[in-house]
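Letter by letter, the chains look like this.
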Amino acid sequence: DESMKDMSMVKSGLKIMKEDGGVGGLLAGLGPTTIGYLTEGAVKFGIYEVSKPLVRSTLLWLSSVWSIPFTKSKVVGFVISGGIAGAAASVMLCP
């Protein structure tokens, strides 16, 4: 825009914000975004906590069937549980 050619980035940004609805227009999406991410965090935490014992018992069973040394590590269980929870929460947030 030629009217903003000599303005700084902050001034031109404030001018655009004022023309497009002001602070109210800027904050219009804050509520839905906040609710979406709170829900995503709750789902992620819930699935992570539920999947930890399931993954741990599955890894212990695998270590008894096959002699794979990394299956006894708690960290592997945490990483797998975190991946499951993150994937499920991402699909829930943006199907």
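Residues numbered from 1 in each chain as written. Predicted model: local features only at pLDDT ≥ 70, side-chain atom pairs only at ≥ 80, totals over all residues. Heavy atoms only, no water.

Topic: the pattern of salt bridges
The condition is simple: By definition, a salt bridge exists where a carboxyl oxygen of Asp or Glu is found within 4 Å of a side-chain nitrogen of Lys or Arg. Helix and strand definitions follow DSSP, with helices as H or I runs of at least four residues and strands as E runs of at least two, each counted in order from the N terminus. Summary of the burial criterion: residues with accessible area below 20% of their type's maximum are buried, those above 50% are exposed, and those between are partly exposed, where the area comes from a 1.4 Å probe applied to protein chains only.
Tallied over the full model, the rule gives two salt bridges. The shortest N-O distance in the salt bridge between Glu49 and Lys52 comes to 3.4 Å. Residue Glu49 and its partner Lys52 are located together in helix 3 (residues 30–65), separated by three residues, close to a single helical turn. You can call Glu49 partly exposed: its relative accessible area is 34%. The class of Lys52 is partly exposed, set by a relative accessible area of 25%.

Overview of the side chain of Ser81
We apply this condition: The contact criterion used is simple: two residues touch if any of their non-hydrogen atoms lie within 4.5 Å.
Along the polypeptide, Ser81 turns up in helix 4 (residues 74–93). Look at Ser81 and you get buried, because its relative accessible area is 0%. The contact partners of Ser81, leaving out residues within four places of it in the chain, are Tyr48, Ser51, Lys52 and Val55.

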